[in-house]
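A structural walkthrough
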Amino acid sequence: MVLVYTSSPEGQLKKSAFEAVTFGHKTAQQLGTEVVALTIGNVNNAGVLGQYGAAKVLNVAGADSFDSGSHAAIIAQVANQIGANVVVMPDDSTGKSLLGRVAVRLDAGSVSSVKSVPDTGAGFVVQKNVFSGKAIAAYNISSDKKVLSIAGNTFPPEVVGADVAVEAASVDVPANRVRVKEVNTVKGTVPLPEAELVVSAGRGMKDPGNWGIIDELAEILGATTACSRPVADVGWRPHHEHVGQTGVAIRPNLYIAIGISGAIQHLAGVNQSKTIVVINKDPEAPFFKAADYGIVGDLFDVVPRLNEAIKKFKAAN
Amino acid sequence: MKLLVCVSKTPDTTTKISFTDNDTALNTQGVQYIMNPYDEWYALVRALELKEAAGGTVTIINVGPADNDTVIRKGLAIGADDAIRIDTAGGSAYFVARQIAEQAKVGAYDMVFFGKETIDYNGSQIGAMVAEMLEMPFISYATKMDMNGNTATIARDIEGGQEIVEVDTPFALSAAKGLAEQRIPNMRGIMMAKRKPLNVVAPIEVSDKVSVASYTLPPAKQDCRYIDAENMDELVNLLHSEAKVI
Ligand SMILES: Cc1cc2nc3c(=O)[nH]c(=O)nc-3n(C[C@H](O)[C@H](O)[C@H](O)COP(=O)(O)OP(=O)(O)OC[C@H]3O[C@@H](n4cnc5c(N)ncnc54)[C@H](O)[C@@H]3O)c2cc1C
Ligand SMILES: Nc1ncnc2c1ncn2[C@@H]1O[C@H](COP(=O)(O)O)[C@@H](O)[C@H]1O
């Protein structure tokens, strides 16, 4: 059996949940078994996970607020109850605190941020990016049980079935030792790690008052905004927008980098993007080496022109 | 308070990566090693600040061979009181976590600090593993932490924002940017570090469950296609019909 833990911030399933179930479904098919999805706490519309291949959706009531200790205990109990050999979770803020804990509880081998469906031809081999995207490692897991977290924006959700009923799972729910006091998230936009389209700007913007053209571009594209580190450091942009080695690592379908030089530490967080567009007035900017499309020009001319072109395109399509 | 900071040694970010032994091992020729930045700048410095504010000791721990002593001495020069090195070539995340947990149990620490990830294998696993082995609460990606008696208030990064949590000692956390500011070791620190205890201990036996089968380099990026700055319609068309992203 394959068990997929789906995180559900504020009771809502996100794309990462559908991606994880899609991955679980593909893995289960390879292993000739089924996938069971697990939700914890009060979750809206969890039956929808059936559409992505969950044969069954289990819910553990209580434990609404996140504590890696109690959630890991719940996941491990459910895994044992259903006889799961493979446990899958998203590589998000919950997965990053749970993966190691669940692996220890189940005495399982674990790999984080997996980017390939397991190759079960010889052993159980999964790939993951290492050295900040400069290489790919293939890991073989030799234990009976395996725990994996999967990279975001890597396994597009696929609808393969219909909604299923949600069943209550009965486990001991340990008391939380971590007390969640506040959850402060931006509302109305897709959080960066989940965004398919990202518009990012750096020091080339000169002044925080110039961000209007960036916000406009993001709005007409339906994109999420990001920034380089110096821009967040001086407070021009909020800290959670900072991408790169020390910030958020993302892999959107489209990353538009505006007035960003493309330092290696910046690239480390964005080089997995599927398509990269670079707008920079310096033809020697290192970012062009990582770009799919490059525009050499003054961003204060280019971006407004790009905004007009996209508006025209959106109106016609 | 007794504080333990787990530090690892990694190739510098700007290192050119290549492999040997039939693509199963990193080619260490010419590789510049550093202390993992999250461990050095954020985890270690925040631990030192807590000690300076409320007293106690800061111990650093590393699982690795004698070569790692330079990195450990740097941690001592920045201000840690003593160090433990578990003398082994290393292994999987689980292997390293078991070694750390074994020593941490003996020391009965109030807090165990990790970096959010190592910048080489980007595992982000060891902190959670050790926390589970020690049955401690674990807070990942901490960007701010204040102590009040035995209770910590911690901000941690979550998708699109942050979460504020409270937890009592003992606990473990992983450090992200924001938790503290980098400190440069001074001459006095470097001199003193030479006399601070660095205890080398033997590893315990742990069988690995995960191993690297092979490494590959990502496919070479195609050359950038330049588009005339006057012609944004062309860019939009390419993004739509060629890249298929809008
Ligand atoms: C250990 C370490 C970790 C780091 N982590 C990160 C990280 O996570 N993320 C990160 O981003 N950085 C990180 N950095 C910093 C990184 O090295 C760079 O300094 C930073 O990314 C540069 O930001 P920038 O490109 O916005 O600014 P700059 O390097 O100043 O580049 C500005 C660019 O804008 C262009 N420009 C200027 N005016 C215009 C105009 N009118 N039109 C068009 N283009 C224009 C310039 O040609 C230039 O290329 C890290 C550094 C270190 C040492
Ligand atoms: N060999 C090691 N010795 C001591 N601590 C380590 C070692 N490797 C990793 N760590 C710690 O575990 C954290 C997370 O590492 P990782 O799970 O490998 O990304 C690092 O930031 C360190 O704090």
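**Some words on the sheet that holds strand β6 (residues 57-63) of chain B**
Here we have 10 strands laid out as an open sheet, ordered β10(A)-β11(B)-β10(B)-β9(B)-β12(B)-β8(B)-β1(B)-β6(B)-β7(B)-β13(B), and mixed in their pairing. With one partner strand each, in any of the chains shown, β10 (179-185) of chain A together with β13 (198-201) of chain B form the two edges of the open sheet. When the angles between neighbouring strand axes are averaged without regard to direction, this sheet yields 30°. Across 5 bridges, the pairing between β6 of chain B and strand β7 (residues 82-86) of chain B is parallel. The partner of Thr59 of chain B across the bridge, within β7 of chain B, is Asp82 of chain B. Of the strands in this sheet, β6, β7 and β13 of chain B touch helix α2 (residues 69-78) of chain B, which is tilted by about 160° from β7 of chain B.

**So, the nonpolar core**
Leu3, Ile75, Val78 and Val147 of chain A together with Val112 of chain B are the most contacted members of the largest nonpolar core, which totals 54 residues. In terms of residues, this core owes the most to one element, helix α3 (residues 93-107) of chain B, which gives 7 residues. Judged by nonpolar contacts, the second largest core, of 38 residues, contains Ala20, Val86, Val114 and Leu148 of chain A.

**Considerations on the site of ligand 2**
All names here are of chain B. Close to ligand 2 lie 18 residues; Cys6, Asp39, Val63, Ser124 and Gln125 are nearest. The side chain of Asp39 places a nitrogen or oxygen atom 2.5 Å from an oxygen atom of ligand 2. With respect to ligand 2, the backbone of Ile126 contributes an N or O atom lying 2.9 Å from an oxygen atom. Burial of ligand 2 by the protein amounts to 93% of the accessible area it has alone, namely 480 Å². Among the elements that make up the shell around ligand 2, the one with the highest residue count is β6 (3 residues). Along the lines of polarity and charge, the residues of the shell around ligand 2 split into 8 nonpolar, 8 polar and 2 charged.

**Considerations on helix α7 (residues 299-316) of chain A**
All names here are of chain A. Here α7 spans 25 Å end to end across 18 residues, near enough to the 26 Å set by a 1.5 Å rise per residue. If you check which residues of α7 are buried, you get Leu299, Val302, Val303, Leu306, Asn307, Ala309, Ile310 and Phe313. Measuring from the backbone nitrogen of Phe300 back to the side-chain oxygen at the start of α7 gives 2.8 Å, which picks out Asp298 as the cap.

**With respect to a nonpolar patch on the surface**
Residue and element names in this part refer to chain B. Where nonpolar side chains cluster on the molecular surface, the patch consists of Met187, Ile190 and Met191 and spans about 280 Å² of accessible area. Of note, Met187 is situated in helix α5 (residues 187-193). A relative accessible area of 57% places Met187 in the exposed class.

**Brief notes about the sheet that holds strand β13 (residues 254-258) of chain A**
An order of β12(A)-β11(A)-β13(A)-β14(A)-β15(A)-β15(B) is seen for the 6 strands of this open sheet, with the pairing classed as parallel. A single partner strand is all that each edge strand has here, and the edge strands are β12 (224-227) of chain A together with β15 (225-226) of chain B. Across 5 bridges, the pairing between β13 of chain A and strand β14 (residues 275-280) of chain A is parallel. If you follow Ile256 of chain A over to β14 of chain A, its bridge partner there is Val277 of chain A. Of the strands in this sheet, β13, β14 and β15 (293-296) of chain A are in contact with α7 of chain A, which crosses β14 of chain A at around 135°. Helix α6 (residues 232-242) of chain B contacts β13, β14 and β15 of chain A together with β15 of chain B of the sheet and is inclined by roughly 170° relative to β15 of chain A.

**Focus on the interface of chain B and chain A**
Contact residues are listed per partner, giving 79 residues for chain B and 82 residues for chain A. Summing both sides of the interface, chain B and chain A together bury roughly 7000 Å²; the carbon and sulfur share of this comes to 56%. Remark: the boundary between chain B and chain A carries 9 salt bridges. Note that Asp168 of chain B and Arg179 of chain A form a salt bridge whose closest N and O atoms lie 3.0 Å from each other. The tally of links from chain B across to chain A stands at 41 residue pairs in polar contact (both at pLDDT 80 or more). Elements with a minimum of two residues in the side of chain B that touches chain A: α1 (37-54), α4 (126-133), β9 (138-148), β10 (151-158), β11 (161-168), β14 (210-216), β15 and α6 of chain B. Residue composition of the side of chain B that touches chain A, by class: 42 nonpolar, 18 polar and 19 charged. With 6 bridges joining them, β10 of chain A and β11 of chain B adopt antiparallel strand pairing. If you follow Val180 of chain A over to β11 of chain B, its bridge partner there is Val165 of chain B.

Cut-offs and rules
Numbers given to residues run from 1 along each chain, matching the order in which its sequence is written. Chains carry letters and ligands carry numbers; both start at the beginning, A for chains and 1 for ligands, and go up in the order they are written. Since the coordinates come from a predicted model, pLDDT governs what is reported: local features require at least 70, and pairs of side-chain atoms require 80 or more to be given and counted, while whole-chain, interface and lining totals use all residues. Side-chain descriptors were evaluated using all non-hydrogen atoms of the structure, hydrogens and water having been removed beforehand. Two strands make a pair as long as DSSP finds a minimum of two bridges between them. Going along the chain from the N terminus, every DSSP run of H or I of four or more residues is numbered as a helix, and every run of E of two or more is numbered as a strand. Axis lines are fitted through C-alpha atoms, for helices just across the contact stretch, and the angle between N-to-C directions can take any value from 0 to 180 degrees. Contact criterion: two residues are considered in contact whenever any of their non-hydrogen atoms come within 4.5 Å of each other. Only buried residues count toward a nonpolar core, which is a set of Ala, Val, Leu, Ile, Met, Phe, Trp, Tyr and Cys residues joined through side-chain atoms within 4.5 Å. For every residue, the accessible area (1.4 Å probe, protein chains only) is compared with the maximum for its type, and the residue is labelled buried under 20%, exposed over 50%, or partly exposed between those bounds. Being near a molecule or strand, for a residue, means having at least one of its heavy atoms within 4 Å of it. What qualifies as a polar contact is a pair of N or O atoms within 3.5 Å, subject to a donor-acceptor requirement within protein and to the restriction that residues adjacent in sequence count only when both atoms come from side chains. The protein chains shown are the only cover counted for residues, whose accessible areas, like all others here, come from Shrake-Rupley with a 1.4 Å probe. Throughout, the ten residues Ala, Val, Leu, Ile, Met, Phe, Trp, Tyr, Cys and Pro are labelled nonpolar, Asp, Glu, Lys and Arg are labelled charged, and all others, Gly among them, are labelled polar. Given the number of residues in a helix, its expected span is that number minus one, multiplied by 1.5 Å. Note that patches include only residues with greater than 30% relative accessible area and no salt bridge, and the join distances are 9 Å for like charges and 5 Å for nonpolar side chains (Val, Leu, Ile, Met, Phe, Trp, Tyr). Definition used for salt bridges: Asp or Glu carboxyl oxygen within 4 Å of a side-chain nitrogen of Lys or Arg. Throughout, buried area stands for the accessible area (probe radius 1.4 Å) lost by two parts on being put together, summed over both.

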